[in-house]
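Close look at the chain arrangement
Here is how the chains run, residue by residue.
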Amino acid sequence: MKIKKMEYFFELFLGGLTRGSIYALIALGYTMVYGIIELINFAHGEIYMIGSFTALIVASVLTLKGFNQISILILASLAAIIYSGAYGYTLEKIAYKPLRHAQRLSPLISAIGMSIFLQNYVLLAQTSDFLPFPNLIPEFEFWEPYSHIIGSPQLVIILVTIIIMVLLTILIKYTKIGKAMRATAQDKNMAMLVGVNINHVISITFIIGSVLAAVGGVLIASHIGMINFYIGFIAGIKAFTAAVLGGIGSIPGAVIGALILGWTESFATGYVSSDYEDVFAFALLVFILIFKPAGILGHSDAQKV
Amino acid sequence: MLNLSNVNTFYGNIHALKDVNIEISQGEIITLIGSNGAGKTTILMSISGIVPPRSGEIFFMGKSINSISPDKIVALGISQVPEGRRIFPYLTVIENLDMGAFLRKDKDRIKKDMEYIFDLFPIISKRRNQLGGTLSGGEQQMLAISRALMARPLILLLDEPSLGLAPLIVKQIFDIIKKINIENKTTIFLVEQNANLALKTAHRGYVIENGCITISDTADNLLRNEAVKKAYIGL
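What counts, and where the lines are drawn
- Residues numbered from 1 in each chain as written.
- Chains lettered and ligands numbered in written order.
- Predicted model: local features only at pLDDT ≥ 70, side-chain atom pairs only at ≥ 80, totals over all residues.
- Heavy atoms only, no water.
- pLDDT = per-residue confidence, 0-100.
- Helix = DSSP H or I, 4+ residues; strand = E, 2+ residues; numbered from the N terminus.
- 1 Å grid on protein atoms, 1.4 Å probe; cavity = no way out; pocket = protein on both sides within 12 Å on 5 of 7 lines; lining within 4 Å.
- Points joined across faces, edges and corners; volume = space filled by probe spheres on them.
- Nonpolar A, V, L, I, M, F, W, Y, C, P; charged D, E, K, R; others polar.
- Phe/Tyr/Trp six-rings, centres within 6.5 Å; stacked < 30°, edge-to-face > 60°.
- Buried < 20%, exposed > 50% of the residue type's maximum accessible area, 1.4 Å probe, protein only.
- Lys NZ or Arg CZ within 6 Å of the ring centre and 35° of its normal.

Regarding the confidence of the model for chain B
Per-residue pLDDT for chain B averages 92, and the proportion of residues at 70 or more is 100%. Mean pLDDT values for the elements of chain B range from 83 in helix α10 (residues 226-233) of chain B up to 96 in strand β6 (residues 78-81) of chain B.

Have a look at this one:
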(Lines give C-alpha, C1' and ligand atoms only; values in the text may rest on other atoms or scores of the structure.)
Protein backbone atom coordinates (compact mmCIF):
# COMPACT_ATOMS: atom_id res chain seq x y z
CA MET A 1 0.00 0.00 0.00
CA LYS A 2 2.72 2.38 1.08
CA ILE A 3 4.83 1.53 -1.98
CA LYS A 4 1.86 2.12 -4.26
CA LYS A 5 1.44 5.55 -2.70
CA MET A 6 5.09 6.39 -3.18
CA GLU A 7 4.97 5.25 -6.77
CA TYR A 8 1.89 7.38 -7.43
CA PHE A 9 3.62 10.38 -5.90
CA PHE A 10 6.67 9.75 -8.05
CA GLU A 11 4.54 9.47 -11.16
CA LEU A 12 2.91 12.81 -10.43
CA PHE A 13 6.31 14.30 -9.69
CA LEU A 14 7.64 13.25 -13.10
CA GLY A 15 4.45 14.35 -14.82
CA GLY A 16 4.88 17.76 -13.19
CA LEU A 17 8.49 17.85 -14.28
CA THR A 18 7.47 17.21 -17.90
CA ARG A 19 4.83 19.94 -17.81
CA GLY A 20 7.21 22.27 -16.05
CA SER A 21 9.88 21.67 -18.70
CA ILE A 22 7.52 22.72 -21.47
CA TYR A 23 6.34 25.76 -19.52
CA ALA A 24 9.98 26.67 -18.93
CA LEU A 25 10.80 26.57 -22.64
CA ILE A 26 7.99 29.01 -23.36
CA ALA A 27 8.43 31.11 -20.21
CA LEU A 28 12.05 31.85 -21.13
CA GLY A 29 10.86 33.78 -24.17
CA TYR A 30 8.60 35.97 -22.05
CA THR A 31 11.20 36.61 -19.43
CA MET A 32 14.10 37.32 -21.83
CA VAL A 33 12.06 39.78 -23.86
CA TYR A 34 10.77 41.45 -20.71
CA GLY A 35 14.28 41.61 -19.32
CA ILE A 36 15.54 43.46 -22.34
CA ILE A 37 12.72 45.78 -23.46
CA GLU A 38 10.26 45.55 -20.55
CA LEU A 39 7.50 44.36 -22.81
CA ILE A 40 5.19 41.46 -22.14
CA ASN A 41 5.12 39.87 -25.55
CA PHE A 42 1.56 38.54 -25.57
CA ALA A 43 2.06 37.14 -29.06
CA HIS A 44 4.74 34.77 -27.78
CA GLY A 45 2.22 31.94 -27.30
CA GLU A 46 1.29 32.30 -30.98
CA ILE A 47 4.93 31.81 -31.99
CA TYR A 48 4.81 28.52 -30.12
CA MET A 49 1.55 27.58 -31.87
CA ILE A 50 3.04 28.44 -35.27
CA GLY A 51 6.00 26.21 -34.40
CA SER A 52 3.64 23.27 -33.80
CA PHE A 53 1.76 23.90 -37.05
CA THR A 54 4.98 24.11 -39.07
CA ALA A 55 6.16 20.85 -37.54
CA LEU A 56 2.82 19.19 -38.29
CA ILE A 57 2.90 20.24 -41.95
CA VAL A 58 6.51 19.17 -42.43
CA ALA A 59 5.96 15.91 -40.56
CA SER A 60 2.90 15.05 -42.66
CA VAL A 61 4.79 15.63 -45.90
CA LEU A 62 7.80 13.64 -44.73
CA THR A 63 5.61 10.78 -43.51
CA LEU A 64 4.08 10.52 -46.99
CA LYS A 65 7.58 10.48 -48.44
CA GLY A 66 8.41 7.55 -46.16
CA PHE A 67 11.02 9.09 -43.87
CA ASN A 68 11.69 7.34 -40.57
CA GLN A 69 10.51 8.66 -37.21
CA ILE A 70 13.80 10.10 -35.95
CA SER A 71 14.59 12.00 -39.12
CA ILE A 72 11.04 13.35 -39.22
CA LEU A 73 11.41 14.56 -35.64
CA ILE A 74 14.68 16.31 -36.43
CA LEU A 75 13.60 17.86 -39.73
CA ALA A 76 10.20 18.94 -38.42
CA SER A 77 11.83 20.52 -35.38
CA LEU A 78 14.33 22.33 -37.57
CA ALA A 79 11.58 23.68 -39.79
CA ALA A 80 9.63 24.80 -36.73
CA ILE A 81 12.70 26.50 -35.29
CA ILE A 82 13.45 28.39 -38.50
CA TYR A 83 9.84 29.39 -39.07
CA SER A 84 9.18 30.50 -35.50
CA GLY A 85 12.49 32.32 -35.36
CA ALA A 86 11.58 34.23 -38.51
CA TYR A 87 8.14 35.05 -37.08
CA GLY A 88 9.64 36.26 -33.81
CA TYR A 89 12.16 38.43 -35.65
CA THR A 90 9.53 39.93 -37.94
CA LEU A 91 7.07 40.43 -35.10
CA GLU A 92 9.56 42.60 -33.25
CA LYS A 93 10.44 44.61 -36.35
CA ILE A 94 6.83 45.26 -37.35
CA ALA A 95 4.92 45.50 -34.10
CA TYR A 96 7.36 46.60 -31.38
CA LYS A 97 10.35 48.44 -32.81
CA PRO A 98 8.36 51.40 -34.17
CA LEU A 99 6.82 51.79 -30.70
CA ARG A 100 10.01 51.60 -28.69
CA HIS A 101 9.86 55.22 -27.62
CA ALA A 102 6.08 55.34 -27.27
CA GLN A 103 4.20 55.13 -23.98
CA ARG A 104 4.43 51.80 -22.22
CA LEU A 105 0.85 50.87 -23.01
CA SER A 106 1.21 51.14 -26.80
CA PRO A 107 3.52 48.16 -27.42
CA LEU A 108 1.42 46.11 -25.00
CA ILE A 109 -1.69 46.78 -27.06
CA SER A 110 0.28 46.08 -30.20
CA ALA A 111 1.31 42.73 -28.67
CA ILE A 112 -2.28 41.77 -27.91
CA GLY A 113 -3.22 42.82 -31.45
CA MET A 114 -0.50 40.64 -32.95
CA SER A 115 -1.63 37.73 -30.80
CA ILE A 116 -5.20 38.00 -32.10
CA PHE A 117 -3.98 38.56 -35.64
CA LEU A 118 -1.74 35.50 -35.68
CA GLN A 119 -4.42 33.29 -34.13
CA ASN A 120 -6.92 34.30 -36.76
CA TYR A 121 -4.38 34.04 -39.52
CA VAL A 122 -3.73 30.40 -38.63
CA LEU A 123 -7.46 29.84 -38.16
CA LEU A 124 -8.13 31.08 -41.69
CA ALA A 125 -5.08 29.57 -43.36
CA GLN A 126 -5.47 26.20 -41.64
CA THR A 127 -8.59 25.21 -39.77
CA SER A 128 -10.46 25.72 -36.53
CA ASP A 129 -10.60 21.97 -35.83
CA PHE A 130 -8.26 20.05 -33.65
CA LEU A 131 -5.72 18.32 -35.86
CA PRO A 132 -4.08 15.06 -34.87
CA PHE A 133 -0.36 15.47 -34.37
CA PRO A 134 1.78 12.40 -35.08
CA ASN A 135 3.87 10.99 -32.27
CA LEU A 136 7.32 12.03 -33.35
CA ILE A 137 9.18 10.88 -30.27
CA PRO A 138 10.12 7.21 -30.56
CA GLU A 139 9.74 4.64 -27.77
CA PHE A 140 13.29 3.62 -26.97
CA GLU A 141 13.77 -0.09 -26.50
CA PHE A 142 16.49 0.23 -23.91
CA TRP A 143 14.08 2.31 -21.83
CA GLU A 144 11.39 -0.37 -21.92
CA PRO A 145 12.02 -1.70 -18.37
CA TYR A 146 11.51 1.74 -16.85
CA SER A 147 8.69 2.91 -19.07
CA HIS A 148 6.08 2.26 -16.39
CA ILE A 149 7.66 5.07 -14.35
CA ILE A 150 8.20 7.51 -17.16
CA GLY A 151 7.65 7.03 -20.87
CA SER A 152 10.30 7.77 -23.47
CA PRO A 153 8.50 10.87 -24.78
CA GLN A 154 8.49 12.43 -21.34
CA LEU A 155 12.09 11.44 -20.86
CA VAL A 156 12.99 13.13 -24.15
CA ILE A 157 11.11 16.28 -23.17
CA ILE A 158 12.93 16.51 -19.86
CA LEU A 159 16.35 15.77 -21.37
CA VAL A 160 15.93 18.19 -24.27
CA THR A 161 14.86 20.89 -21.84
CA ILE A 162 17.88 20.28 -19.62
CA ILE A 163 20.24 20.41 -22.60
CA ILE A 164 18.67 23.63 -23.85
CA MET A 165 18.92 25.22 -20.39
CA VAL A 166 22.61 24.36 -20.17
CA LEU A 167 23.29 25.76 -23.64
CA LEU A 168 21.32 28.91 -22.89
CA THR A 169 23.18 29.43 -19.61
CA ILE A 170 26.52 29.09 -21.40
CA LEU A 171 25.37 31.50 -24.10
CA ILE A 172 24.23 34.14 -21.63
CA LYS A 173 27.06 33.80 -19.17
CA TYR A 174 30.12 33.34 -21.30
CA THR A 175 29.62 34.54 -24.86
CA LYS A 176 30.04 38.05 -26.17
CA ILE A 177 26.44 38.29 -27.33
CA GLY A 178 25.28 36.96 -23.94
CA LYS A 179 27.16 39.70 -22.13
CA ALA A 180 25.76 42.26 -24.56
CA MET A 181 22.25 40.97 -23.81
CA ARG A 182 22.76 41.34 -20.09
CA ALA A 183 24.33 44.78 -20.48
CA THR A 184 21.46 45.92 -22.71
CA ALA A 185 18.93 44.65 -20.18
CA GLN A 186 20.64 46.59 -17.39
CA ASP A 187 21.26 49.90 -19.14
CA LYS A 188 20.38 50.40 -22.81
CA ASN A 189 22.01 53.80 -23.30
CA MET A 190 25.21 52.70 -21.65
CA ALA A 191 25.27 49.56 -23.79
CA MET A 192 25.08 51.84 -26.84
CA LEU A 193 27.91 53.96 -25.42
CA VAL A 194 30.24 50.96 -25.31
CA GLY A 195 29.36 50.12 -28.90
CA VAL A 196 26.55 47.58 -28.64
CA ASN A 197 24.06 47.70 -31.51
CA ILE A 198 20.98 47.24 -29.37
CA ASN A 199 18.64 46.64 -32.32
CA HIS A 200 20.74 43.63 -33.11
CA VAL A 201 20.66 42.41 -29.50
CA ILE A 202 16.90 42.83 -29.26
CA SER A 203 16.38 40.90 -32.52
CA ILE A 204 18.58 38.07 -31.29
CA THR A 205 16.64 37.94 -28.03
CA PHE A 206 13.36 37.58 -29.91
CA ILE A 207 14.84 34.88 -32.14
CA ILE A 208 16.19 32.87 -29.20
CA GLY A 209 12.87 33.13 -27.35
CA SER A 210 10.99 32.03 -30.48
CA VAL A 211 13.31 29.09 -31.11
CA LEU A 212 12.79 27.84 -27.55
CA ALA A 213 9.03 28.20 -27.95
CA ALA A 214 9.17 26.24 -31.23
CA VAL A 215 11.04 23.38 -29.55
CA GLY A 216 8.45 23.40 -26.78
CA GLY A 217 5.68 23.46 -29.37
CA VAL A 218 6.96 20.40 -31.22
CA LEU A 219 7.60 18.40 -28.04
CA ILE A 220 4.26 19.08 -26.38
CA ALA A 221 2.22 18.63 -29.56
CA SER A 222 3.89 15.32 -30.15
CA HIS A 223 3.26 14.29 -26.54
CA ILE A 224 -0.39 15.35 -26.40
CA GLY A 225 -1.15 14.40 -30.01
CA MET A 226 -3.47 17.28 -30.96
CA ILE A 227 -3.14 20.93 -31.90
CA ASN A 228 -5.34 23.79 -32.98
CA PHE A 229 -4.96 27.52 -33.49
CA TYR A 230 -5.84 28.26 -29.87
CA ILE A 231 -3.15 26.22 -28.07
CA GLY A 232 -0.79 29.19 -28.05
CA PHE A 233 -3.12 31.28 -25.95
CA ILE A 234 -3.48 28.72 -23.17
CA ALA A 235 0.17 27.68 -23.13
CA GLY A 236 1.13 31.35 -23.33
CA ILE A 237 -0.94 32.28 -20.29
CA LYS A 238 0.52 29.40 -18.30
CA ALA A 239 4.08 30.17 -19.30
CA PHE A 240 3.52 33.85 -18.58
CA THR A 241 2.26 32.85 -15.13
CA ALA A 242 5.42 30.79 -14.65
CA ALA A 243 7.60 33.72 -15.66
CA VAL A 244 5.82 36.07 -13.25
CA LEU A 245 5.95 33.45 -10.51
CA GLY A 246 9.72 33.13 -10.85
CA GLY A 247 10.26 36.86 -11.21
CA ILE A 248 9.83 38.24 -14.70
CA GLY A 249 13.14 39.23 -16.24
CA SER A 250 15.03 36.50 -14.39
CA ILE A 251 16.09 33.49 -16.46
CA PRO A 252 16.60 30.99 -13.62
CA GLY A 253 13.41 32.44 -12.15
CA ALA A 254 11.43 31.44 -15.24
CA VAL A 255 12.67 27.86 -14.97
CA ILE A 256 11.93 27.62 -11.25
CA GLY A 257 8.52 29.24 -11.71
CA ALA A 258 7.73 26.83 -14.54
CA LEU A 259 8.69 23.77 -12.49
CA ILE A 260 6.70 24.92 -9.47
CA LEU A 261 3.71 25.55 -11.71
CA GLY A 262 4.10 22.16 -13.37
CA TRP A 263 4.25 20.33 -10.05
CA THR A 264 1.37 22.31 -8.57
CA GLU A 265 -0.84 21.36 -11.50
CA SER A 266 0.31 17.78 -11.53
CA PHE A 267 -0.27 17.22 -7.81
CA ALA A 268 -3.56 19.11 -7.84
CA THR A 269 -4.74 16.89 -10.68
CA GLY A 270 -3.51 13.73 -9.01
CA TYR A 271 -4.71 14.31 -5.46
CA VAL A 272 -7.71 16.57 -5.89
CA SER A 273 -9.21 16.64 -9.37
CA SER A 274 -8.13 17.66 -12.82
CA ASP A 275 -10.90 20.26 -12.77
CA TYR A 276 -8.96 22.17 -10.17
CA GLU A 277 -5.52 22.28 -11.75
CA ASP A 278 -5.93 25.86 -12.98
CA VAL A 279 -7.44 26.96 -9.68
CA PHE A 280 -4.39 25.74 -7.81
CA ALA A 281 -2.00 27.17 -10.39
CA PHE A 282 -3.44 30.66 -10.25
CA ALA A 283 -4.07 30.56 -6.49
CA LEU A 284 -0.37 29.86 -6.13
CA LEU A 285 0.41 32.85 -8.33
CA VAL A 286 -1.78 35.15 -6.25
CA PHE A 287 -0.26 33.78 -3.06
CA ILE A 288 3.32 34.36 -4.18
CA LEU A 289 2.59 37.80 -5.55
CA ILE A 290 1.08 38.85 -2.23
CA PHE A 291 4.16 37.86 -0.25
CA LYS A 292 6.83 38.42 -2.88
CA PRO A 293 5.52 40.88 -5.46
CA ALA A 294 8.67 40.72 -7.61
CA GLY A 295 8.38 36.94 -7.91
CA ILE A 296 10.61 34.27 -6.43
CA LEU A 297 13.92 35.41 -7.93
CA GLY A 298 12.91 38.84 -9.19
CA HIS A 299 14.62 41.86 -7.74
CA SER A 300 12.79 45.12 -7.31
CA ASP A 301 14.64 47.90 -9.05
CA ALA A 302 16.39 49.41 -6.07
CA GLN A 303 19.98 49.57 -7.12
CA LYS A 304 22.90 51.69 -6.06
CA VAL A 305 23.45 54.68 -8.28
CA MET B 1 39.98 66.39 -34.43
CA LEU B 2 36.47 66.90 -33.06
CA ASN B 3 34.50 69.89 -34.33
CA LEU B 4 31.02 71.02 -33.44
CA SER B 5 29.73 73.59 -35.85
CA ASN B 6 26.47 75.45 -35.18
CA VAL B 7 24.97 72.46 -33.39
CA ASN B 8 21.33 72.70 -32.33
CA THR B 9 19.87 69.90 -30.26
CA PHE B 10 16.30 69.54 -28.99
CA TYR B 11 14.54 67.38 -26.42
CA GLY B 12 11.06 67.42 -27.93
CA ASN B 13 10.31 71.14 -28.06
CA ILE B 14 13.02 72.15 -25.64
CA HIS B 15 15.88 73.85 -27.41
CA ALA B 16 18.79 72.47 -25.38
CA LEU B 17 21.80 73.47 -27.47
CA LYS B 18 21.84 76.71 -29.45
CA ASP B 19 24.42 77.13 -32.24
CA VAL B 20 27.18 75.46 -30.28
CA ASN B 21 30.69 75.69 -31.74
CA ILE B 22 33.51 73.71 -30.19
CA GLU B 23 36.92 72.77 -31.58
CA ILE B 24 39.14 70.12 -30.07
CA SER B 25 42.59 69.28 -31.44
CA GLN B 26 44.47 66.05 -31.06
CA GLY B 27 46.20 65.61 -27.71
CA GLU B 28 44.39 68.44 -25.93
CA ILE B 29 42.52 68.38 -22.65
CA ILE B 30 39.51 70.61 -23.17
CA THR B 31 37.05 71.39 -20.45
CA LEU B 32 33.48 72.54 -20.62
CA ILE B 33 32.16 74.24 -17.52
CA GLY B 34 28.66 75.42 -16.72
CA SER B 35 25.93 75.11 -14.12
CA ASN B 36 23.23 72.48 -13.83
CA GLY B 37 20.97 72.29 -16.86
CA ALA B 38 23.20 74.47 -19.05
CA GLY B 39 23.52 71.73 -21.65
CA LYS B 40 26.84 70.11 -20.78
CA THR B 41 25.59 66.53 -20.81
CA THR B 42 23.52 67.21 -23.92
CA ILE B 43 26.67 68.16 -25.83
CA LEU B 44 28.23 64.82 -24.93
CA MET B 45 25.06 62.91 -25.81
CA SER B 46 24.93 64.68 -29.16
CA ILE B 47 28.56 63.79 -29.89
CA SER B 48 27.92 60.14 -28.94
CA GLY B 49 24.81 60.01 -31.12
CA ILE B 50 22.34 59.23 -28.32
CA VAL B 51 20.54 62.56 -28.89
CA PRO B 52 21.57 63.52 -32.43
CA PRO B 53 21.54 67.23 -33.26
CA ARG B 54 18.64 68.61 -35.29
CA SER B 55 20.84 70.98 -37.23
CA GLY B 56 24.52 71.80 -37.51
CA GLU B 57 27.37 69.39 -38.01
CA ILE B 58 29.63 67.34 -35.80
CA PHE B 59 32.91 66.38 -37.48
CA PHE B 60 35.32 63.77 -36.23
CA MET B 61 38.64 63.46 -38.05
CA GLY B 62 37.13 65.50 -40.85
CA LYS B 63 34.06 63.33 -41.35
CA SER B 64 30.51 64.21 -40.34
CA ILE B 65 29.17 61.88 -37.64
CA ASN B 66 25.71 63.47 -37.36
CA SER B 67 23.66 60.60 -38.66
CA ILE B 68 25.81 57.72 -37.48
CA SER B 69 24.47 55.30 -34.85
CA PRO B 70 26.03 55.34 -31.36
CA ASP B 71 27.78 51.99 -31.76
CA LYS B 72 29.50 53.13 -34.97
CA ILE B 73 30.61 56.35 -33.27
CA VAL B 74 32.29 54.25 -30.58
CA ALA B 75 33.95 52.25 -33.34
CA LEU B 76 35.41 55.48 -34.77
CA GLY B 77 37.23 56.08 -31.49
CA ILE B 78 34.94 58.24 -29.34
CA SER B 79 34.26 56.80 -25.88
CA GLN B 80 32.17 58.37 -23.17
CA VAL B 81 32.21 58.07 -19.39
CA PRO B 82 28.68 59.28 -18.69
CA GLU B 83 27.41 61.19 -15.72
CA GLY B 84 26.66 58.96 -12.77
CA ARG B 85 29.15 56.32 -13.94
CA ARG B 86 26.49 53.98 -15.35
CA ILE B 87 28.31 50.81 -14.35
CA PHE B 88 26.39 47.67 -15.37
CA PRO B 89 25.33 46.75 -11.83
CA TYR B 90 24.81 43.02 -12.35
CA LEU B 91 27.92 42.41 -14.42
CA THR B 92 31.18 41.69 -12.64
CA VAL B 93 34.04 44.18 -12.80
CA ILE B 94 35.81 42.02 -15.40
CA GLU B 95 32.61 41.75 -17.44
CA ASN B 96 32.20 45.53 -17.30
CA LEU B 97 35.70 45.87 -18.71
CA ASP B 98 34.92 43.23 -21.35
CA MET B 99 31.94 45.32 -22.40
CA GLY B 100 34.27 48.28 -22.81
CA ALA B 101 36.24 46.23 -25.33
CA PHE B 102 33.03 45.02 -27.00
CA LEU B 103 33.97 46.14 -30.51
CA ARG B 104 37.54 44.90 -30.39
CA LYS B 105 38.70 41.57 -31.72
CA ASP B 106 42.40 41.62 -30.79
CA LYS B 107 42.21 39.29 -27.78
CA ASP B 108 45.88 39.43 -26.81
CA ARG B 109 45.96 43.19 -26.69
CA ILE B 110 42.70 43.34 -24.78
CA LYS B 111 44.40 41.22 -22.14
CA LYS B 112 47.40 43.54 -22.06
CA ASP B 113 45.16 46.59 -21.80
CA MET B 114 43.39 44.99 -18.87
CA GLU B 115 46.73 44.54 -17.13
CA TYR B 116 47.46 48.20 -17.85
CA ILE B 117 44.14 49.15 -16.24
CA PHE B 118 44.94 47.04 -13.19
CA ASP B 119 48.24 48.91 -12.91
CA LEU B 120 46.47 52.22 -13.23
CA PHE B 121 43.80 51.35 -10.66
CA PRO B 122 45.01 48.53 -8.36
CA ILE B 123 41.69 48.61 -6.49
CA ILE B 124 39.87 47.54 -9.67
CA SER B 125 42.07 44.48 -9.86
CA LYS B 126 41.18 43.62 -6.28
CA ARG B 127 37.47 43.86 -7.03
CA ARG B 128 37.62 42.03 -10.35
CA ASN B 129 35.09 39.31 -9.53
CA GLN B 130 32.63 41.52 -7.64
CA LEU B 131 29.42 42.78 -9.20
CA GLY B 132 29.74 46.34 -10.50
CA GLY B 133 26.82 47.52 -8.37
CA THR B 134 28.60 46.58 -5.14
CA LEU B 135 31.52 48.98 -5.71
CA SER B 136 31.82 52.31 -3.90
CA GLY B 137 31.26 55.55 -5.80
CA GLY B 138 34.96 56.21 -6.29
CA GLU B 139 35.64 52.64 -7.41
CA GLN B 140 32.73 52.88 -9.84
CA GLN B 141 34.16 56.07 -11.32
CA MET B 142 37.51 54.36 -11.77
CA LEU B 143 35.80 51.38 -13.36
CA ALA B 144 33.78 53.65 -15.66
CA ILE B 145 36.97 55.36 -16.88
CA SER B 146 38.67 51.97 -17.26
CA ARG B 147 35.73 50.61 -19.22
CA ALA B 148 35.92 53.54 -21.62
CA LEU B 149 39.68 53.10 -21.98
CA MET B 150 39.22 49.43 -22.90
CA ALA B 151 37.85 50.64 -26.23
CA ARG B 152 41.23 52.31 -26.92
CA PRO B 153 39.52 55.60 -27.75
CA LEU B 154 41.16 58.44 -29.64
CA ILE B 155 39.09 60.87 -27.60
CA LEU B 156 37.63 60.34 -24.17
CA LEU B 157 34.49 62.24 -23.15
CA LEU B 158 34.18 62.58 -19.38
CA ASP B 159 30.95 63.80 -17.81
CA GLU B 160 31.48 65.16 -14.29
CA PRO B 161 33.94 62.57 -13.04
CA SER B 162 34.24 64.39 -9.70
CA LEU B 163 30.53 64.28 -8.91
CA GLY B 164 29.81 63.03 -5.39
CA LEU B 165 33.34 61.82 -4.67
CA ALA B 166 35.66 62.53 -1.76
CA PRO B 167 38.35 65.17 -2.51
CA LEU B 168 41.19 62.66 -2.19
CA ILE B 169 39.60 60.35 -4.75
CA VAL B 170 38.83 63.27 -7.05
CA LYS B 171 42.52 64.22 -7.00
CA GLN B 172 43.52 60.63 -7.75
CA ILE B 173 41.12 60.46 -10.68
CA PHE B 174 42.27 63.77 -12.14
CA ASP B 175 45.90 62.70 -11.86
CA ILE B 176 45.03 59.59 -13.84
CA ILE B 177 43.20 61.67 -16.46
CA LYS B 178 46.35 63.73 -16.98
CA LYS B 179 48.44 60.57 -17.10
CA ILE B 180 46.20 59.03 -19.76
CA ASN B 181 46.48 62.21 -21.80
CA ILE B 182 50.28 62.27 -21.62
CA GLU B 183 51.07 58.55 -21.85
CA ASN B 184 48.50 57.43 -24.42
CA LYS B 185 48.10 60.74 -26.26
CA THR B 186 44.35 60.36 -25.68
CA THR B 187 42.48 63.58 -26.32
CA ILE B 188 40.19 64.48 -23.43
CA PHE B 189 36.95 66.44 -23.34
CA LEU B 190 36.11 67.05 -19.72
CA VAL B 191 32.72 68.32 -18.63
CA GLU B 192 32.77 69.61 -15.07
CA GLN B 193 30.96 71.68 -12.48
CA ASN B 194 34.10 71.82 -10.39
CA ALA B 195 35.51 74.65 -12.51
CA ASN B 196 38.61 75.30 -10.46
CA LEU B 197 39.83 71.71 -10.71
CA ALA B 198 38.81 71.35 -14.36
CA LEU B 199 40.61 74.51 -15.44
CA LYS B 200 43.75 73.51 -13.56
CA THR B 201 43.75 70.21 -15.46
CA ALA B 202 42.80 71.43 -18.93
CA HIS B 203 44.63 73.34 -21.65
CA ARG B 204 41.62 75.26 -22.90
CA GLY B 205 38.07 75.68 -21.75
CA TYR B 206 34.57 76.62 -22.83
CA VAL B 207 31.80 78.07 -20.69
CA ILE B 208 28.20 77.15 -21.45
CA GLU B 209 25.11 79.00 -20.23
CA ASN B 210 21.53 78.10 -21.18
CA GLY B 211 22.66 76.08 -24.18
CA CYS B 212 24.99 78.75 -25.60
CA ILE B 213 28.77 78.82 -25.47
CA THR B 214 29.51 82.21 -23.90
CA ILE B 215 33.26 82.19 -23.34
CA SER B 216 36.11 80.26 -24.89
CA ASP B 217 39.73 80.79 -23.87
CA THR B 218 42.84 79.12 -22.52
CA ALA B 219 42.45 77.54 -19.11
CA ASP B 220 44.84 80.00 -17.48
CA ASN B 221 42.94 82.98 -18.82
CA LEU B 222 39.64 81.50 -17.73
CA LEU B 223 40.99 80.97 -14.21
CA ARG B 224 41.80 84.71 -14.13
CA ASN B 225 38.57 85.81 -15.84
CA GLU B 226 36.47 87.82 -13.37
CA ALA B 227 33.12 86.63 -14.69
CA VAL B 228 34.18 83.00 -14.54
CA LYS B 229 35.65 83.43 -11.07
CA LYS B 230 32.45 84.99 -9.80
CA ALA B 231 30.04 82.54 -11.39
CA TYR B 232 31.88 79.21 -11.18
CA ILE B 233 34.80 79.40 -8.82
CA GLY B 234 33.25 81.46 -6.08
CA LEU B 235 36.18 83.68 -5.24
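There's plenty left to go through after this.
A few points about the layout of surface pockets
Residue and element names in this part refer to chain A. As a volume, the largest pocket reaches approximately 1,200 Å³. If you trace the largest pocket, you find 37 residues lining it, with Ala185, Gly249, Ser250, Ile251 and His299 closest to the centre. Among the secondary structure elements, those contributing two or more residues to the lining of the largest pocket are α1 (2-37), α5 (152-174), α6 (176-186) and α10 (251-271). Top element by residues in the lining of the largest pocket is α1. It accounts for six residues. Per-class residue counts for the lining of the largest pocket are 19 nonpolar, twelve polar and six charged. Roughly 590 Å³ of volume is contained in the second largest pocket. In this structure, the second largest pocket is lined by 28 residues; those nearest its centre are Arg19, Tyr23, Ile220, Ile224 and Ile234. If you list the elements that add at least two residues to the lining of the second largest pocket, you get α1, α8 (198-224), β2 (226-227), α9 (231-246), α10 and α11 (277-291). Residue contributions to the lining of the second largest pocket peak at seven residues, all from α1. The class makeup of the residues in the lining of the second largest pocket is 14 nonpolar, eight polar and six charged.

Regarding the packing of aromatic side chains
According to the stated counting rule, one finds 13 aromatic pairs over all chains in the structure shown. Taking 4.9 Å as the distance between ring centres and 20° as the angle between the ring planes, the aromatic pair formed by phenylalanine 13 of chain A and tryptophan 263 of chain A counts as stacked. Highlighted residues: phenylalanine 13 of chain A in helix α1 and tryptophan 263 of chain A in helix α10, separated in sequence by 250 residues. The partly exposed category is assigned to phenylalanine 13 of chain A, whose relative accessible area is 29%. Of the residues examined, tryptophan 263 of chain A reaches a relative accessible area of 22% and is grouped as partly exposed. Centre to centre, the rings of phenylalanine 267 of chain A and tyrosine 271 of chain A are 6.2 Å apart; their planes meet at 10°, and the pair counts as stacked. Of this pair, phenylalanine 267 of chain A and tyrosine 271 of chain A both sit in helix α10, four residues apart, which is roughly one turn of that helix. Members of the aromatic cluster, joined through ring pairs, are Tyr8, Phe9, Phe267 and Tyr271 of chain A. The positively charged end of lysine 176 of chain A is found above the aromatic ring belonging to phenylalanine 102 of chain B, 5.4 Å away from the centroid.

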